[in-house]
Amino acid sequence: MKKTDSEFRSGPIPGVFATVALGLFFFVPFAIMLTFSFYHKIPGGLYEPAFEVDNYLRFISPFFTQILLISTGLCSLASILALFIGFILTYFMSRMNKRGRTLWLILLVSLLSLSEVIIGFSWSILFSRTAGIGGWMYTLGLLDAPRAFAPGFGALLTALTFICVPFIVLVMFPPLTRLPKEWVESARMLGATPLRAVITVVVPSVRPALIAAFILAFIYSLGSYVLPIMLGKPRHWTISVHITDQALYQANIPFASALSVFLIVTALSLIALISKLQNRFT
Amino acid sequence: MTKKKLGLQSKSRRTILSALAATTGSAAIGFPMLSLGQNQSLRVGAYGGYFKDSFDKFIFPVFTEETGIVVDSIAEPTGQAWLAQLNAAAAAGSAPADVSMIAQSPMLKGQKTELWMPLDESKLPNLKYLMSNFVHRYPDGRLDGVGAVAWYTTLVTNTDVYPDAPESWDELWNPENKGRLGLLALVSNSFLLEIASKTFYGSTDLLDSEAGQLQALEKVAELKPNVALWYRDEAQFEQALKSGEIPMGQYYHDVAGLAAADGFPVRSTFTKEGGVSDSGLWAVSRASKKIEESHIFMNFMCRPDIQTLLSRMVGTAPTVPRDLLDLTDDEFAAVSSSSEPIIPRYDIYDQRGDWLAQKWSEMIVA
């Protein structure tokens, strides 16, 4: 953050552009959503302009608390796993020659071009009883009977982790490749094992990037709608699924807006909390 | 008739305009003016994907050939999103489509804001052919919709896993089917409350009262252990049904029939309680300016020979009685059934939609 400030502070244009872009693509839609969230839902109809907090009061209930906990819990877990896998992957990429790095980067970026639907379908087949690991494990004698692993928590967590890994790599790649190789070598010469060198030298030097990567993955997975409905059981449906149900199937735009505002506020608070903790420890 | 009259009025002016448009390349500016004179046109919203494609291919060309009215078809999203768009546009005085295919519950929702233009029955002589459940009215009796497409949701099974066809919807509750079902995920599209009421309590009258609705919800909760997948999107379940991954569930009769015709081990059964009959209606946005054309279109769609064509080519259940249709027994059985259907209780979703949806979510998420 601070580095980009000094790099870009070359004139008023970048600042103006950033303000306009943020206003146009975030604050304006957010303001519209906020307005709608106070509208009145006509029973059996659509909505009418009003100012009432009923839509917010409605999700102060065990049901929506549970959904929020499941959504944030599931997405945090997926982001942590993705961070772990992505970090290791990027670390090894950073030690490859240029050609190897480029190939890996192309592979990971091309994963981003796959739609969530395709990714969801692929994982649901891989976790199926008839054509996936549930059947293979039975054939190998590891299971007494073929079974399906999707829909289920494991399947959903795997797919969410999968879609987050490329983002982690994209964020971690620049700092890890820029990290002087001598630092790790010095640690090794002083007697540290490779693992210890990574944990005590590499991780602390790229900690801000790690946190940024985690936040990006977390926000991205929180918005996922297709994967939870394809790979999760109803109790794993995230808040995004419930927002879609309200907006598209119940035509309850005010309540869907209220849920969305709540989701954004929750996500922003979590980010603020993480940044605050980060500042305290550095 | 009107088309010809309009066509003759300003021929020379139109020709000049047309030449101008062609030479200057300003077709984009010229076209709207032209379309007012030469061709009458109508923007028709149909569910995007299969329905729109089939209508574009088999139905709209016939209509254009007969009437000269060019159909500009618009892919509309299913669910309630289109209703919200039409409503917002009508408030601003515009209509993204003149005539739209609208499901039953958005139809009722649209009535609350007078979104639907009241229709002139004298301009719809073919209305007399329709079965009564395909004629939709405002509470005060004004006509606002005519049957567009109808379809059945039935009990489907994979024939490799179930050699014998099930006879009753109660198979969904059979403990032997643990983890084997694919059911629709929402209270307002699965109609499982209606299915449970008809199967276990004789009729959907059970749903008249809140106590009855809760009783039906409890009954549906009993089948939860049997459900492998609560689906929103057809494709999700169809694949699993064909492969036998999820060998039983509720699905669309016509699509299951198409899969079976393609050689997949899939069967659709009208159980003794009946299939669930759901439908969409044609309705006109009050902001539409194409009142005349809309009536001509809707009158056309009510004709028995067009309903025959629809059943044969698009696979929808007819909106007119069987005896008016020129369909063979097999063709009729592929899209419909003469057994008494389970008709969804659209009224309860209208009156208590939010409450039912909330109870339903709590039930399946728990």
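Residues numbered from 1 in each chain as written. Chains lettered and ligands numbered in written order. Predicted model: local features only at pLDDT ≥ 70, side-chain atom pairs only at ≥ 80, totals over all residues.

K.L.:
Tell me about the overall build of chain B, and name the residues and values.
P.N.:
Looking only at helices and strands, one finds 15 helices and 10 strands in chain B. Within chain B, the proportion of its 366 residues that are buried is 45%. Expressed as a percentage of contacts within chain B between residues at least 6 apart in sequence, the contacts between residues at least 24 apart total 72%. (Helix = DSSP H or I, 4+ residues; strand = E, 2+ residues; numbered from the N terminus. Buried ≥ 20, exposed ≤ 12 C-beta atoms within 10 Å, placed from the backbone. Contact = placed C-beta atoms within 7 Å.)

K.L.:
Give me the lowdown on the overall build of chain A, citing residues and values where you can.
P.N.:
A count of helical and extended segments in chain A gives 14 helices and two strands. The principal-axis extents of the C-alpha atoms in chain A amount to approximately 70 × 65 × 30 Å. Burial status across chain A gives 33% buried among its 282 residues. A fraction of 67% describes how many contacts in chain A between residues 6 or more apart in sequence connect residues 24 or more apart.

K.L.:
Hey, could you go over the packing of helix α6 (residues 104-112) of chain B against helix α15 (residues 346-365) of chain B for me, with residue numbers and the actual values?
P.N.:
All names here are of chain B. Packing of α6 against α15 leaves a shortest axis separation of 9 Å and a crossing angle of 50 degrees. By the angle class used here, α6 and α15 are oblique. Here α6 and α15 pass one another in a crossing that is right-handed. Across from Q104, S105 and L108 in α6, the residues of α15 making contact are Y346, Y349 and D350. Classifying every residue of the contact of α6 with α15 gives three nonpolar, two polar and one charged. (Axes fitted to C-alpha atoms, helices over the stretch in contact; angles between N-to-C directions. Parallel < 35°, antiparallel > 145°, perpendicular 65-115°, else oblique. Left-handed = near helix turned anticlockwise from the far one by under 90°. Nonpolar A, V, L, I, M, F, W, Y, C, P; charged D, E, K, R; others polar.)

K.L.:
Describe the packing of helix α4 (residues 62-94) of chain A against helix α11 (residues 207-222) of chain A, and please don't skip the residues or the numbers.
P.N.:
Residue and element names in this part refer to chain A. With their axes 8 Å apart at the nearest point, α4 and α11 run at an angle of 135 degrees to one another. The angle between α4 and α11 falls in the class oblique. Our pair here, α4 against α11, has a crossing hand that is right-handed. Contacts between α4 and α11 pair S71, C75, S76, A78, S79, A82, L83, G86 and F87 from the former with L210, A213, F214, A217, F218, S221 and L222 from the latter. Residue composition of the contact of α4 with α11, grouped by class: 11 nonpolar, five polar and no charged.

K.L.:
Give a detailed account of the domain arrangement of chain B, specifying residues and quantitative values.
P.N.:
Residues and elements named next belong to chain B. Domain boundaries assigned for chain B yield domain 1 (2-150 + 278-335) and domain 2 (151-277 + 339-365). Counting residues at the interface gives 13 residues for domain 1 and 14 residues for domain 2. Breaking the side of domain 1 that touches domain 2 down by element, the ones donating at least two residues are α6, β5 (143-158), β10 (276-284) and α14 (329-335). Broken down by element, the side of domain 1 that touches domain 2 gets its largest block of residues, three residues, from α6. Of the residues that constitute the side of domain 1 that touches domain 2, the class distribution is six nonpolar, six polar and one charged. (Domains from an automatic or database assignment.)

K.L.:
A description of the pairing of strand β9 (residues 266-269) of chain B should follow, citing residues and the corresponding values.
P.N.:
All names here are of chain B. Of the two faces of β9, the one lined by V266 and S268 and the one lined by R267 and T269 are each fully buried. Across four bridges, the pairing between β5 and β9 is antiparallel. The residue bridging V156 from the neighbouring strand is S268, located in β9. (Pairing = 2+ DSSP bridges.)

K.L.:
Which residues make up the interface of chain B and chain A, and what values do they have?
P.N.:
With 29 residues of chain B at the contact, the number on the chain A side is 24 residues. Here the element with the most residues in the side of chain B that touches chain A is α15 of chain B; it accounts for eight residues. Looking at the side of chain B that touches chain A residue by residue, the classes come out as 12 nonpolar, 10 polar and seven charged.

K.L.:
For the environment of G73 of chain A, give the residues involved together with the corresponding values.
P.N.:
Checked against the element boundaries, G73 of chain A lands in helix α4. Sequence separation of G73 of chain A and I119 of chain A is 46 residues, and the distance between their C-alpha atoms is 22 Å.

K.L.:
How would you explain α15 of chain B if you had to name every residue and give the values?
P.N.:
Residue and element names in this part refer to chain B. The end-to-end C-alpha distance of α15, which contains 20 residues, comes to just 24 Å, noticeably less than the 28 Å that a straight helix rising 1.5 Å per residue would cover. Its axis deflected by about 95 degrees at R352, α15 carries its strongest bend there. Every buried residue belonging to α15 is among I348, Y349, G353, L356, W360, S361 and I364, and all of these are buried. (Expected span 1.5 Å × (residues − 1). Bend = angle between axes of the 7 residues up to and from the residue.)

K.L.:
I'd love a proper account of unusual backbone geometry, names of residues and values included.
P.N.:
Put simply, A150 of chain A and P151 of chain A share a cis peptide bond, and its omega is 0 degrees. Residues other than glycine seldom take positive phi values, yet A251 of chain A does so here, at roughly 50 degrees. Secondary-structure assignment places A251 of chain A in the loop between α13 (239-249) and α14 (253-281). Taking the C-beta count within 10 Å as the criterion, A251 of chain A has 25 such neighbours and is therefore assigned buried. Of note, the phi angle at F191 of chain B is positive, near 55 degrees, even though the residue is not glycine. By the secondary structure assignment, F191 of chain B is in the loop between α7 (187-190) and α8 (192-201).

K.L.:
Account for the pairing of strand β8 (residues 248-252) of chain B, naming residues and giving values.
P.N.:
All names here are of chain B. Of all the five residues making up β8, five are buried; the element is thus mostly covered by neighbouring parts of the structure. Examined bridge by bridge, strand β6 (residues 181-184) and β8 share two bridges and lie parallel to one another. In the strand pairing of β8, L181 is matched with M248.

K.L.:
Explain the confidence of the model for chain B to me, using residue names and the numbers behind them.
P.N.:
Residue and element names in this part refer to chain B. When pLDDT is averaged across chain B, the result is 87; 89% of the residues are at 70 or more. Of all helices and strands in chain B, the one with the weakest mean pLDDT is helix α1 (residues 2-9) (35), whereas α8 scores best (97). Across residues 1-38, confidence stays below pLDDT 50; counting only partners more than four residues off in sequence or on other chains, it has 20 contacts. (pLDDT = per-residue confidence, 0-100.)

K.L.:
Tell me what's going on with the environment of K276 of chain A, and back it up with residues and numbers.
P.N.:
Residue and element names in this part refer to chain A. Looking at where K276 falls in the secondary structure, it is placed in helix α14. K276 gets classed as exposed once you count the C-beta atoms within 10 Å, which come to 9. Put simply, K276 and F127 are 149 residues apart on the chain and 40 Å apart in space, counted from C-alpha to C-alpha.

K.L.:
Any details on the environment of N158 of chain B? Residues and values, ideally.
P.N.:
All names here are of chain B. Its place among the elements puts N158 in strand β5. A tally of 21 C-beta atoms within 10 Å means that N158 is categorised as buried. Considering only alpha carbons, one finds N158 and Y129, 29 residues apart in sequence, at a separation of 37 Å.

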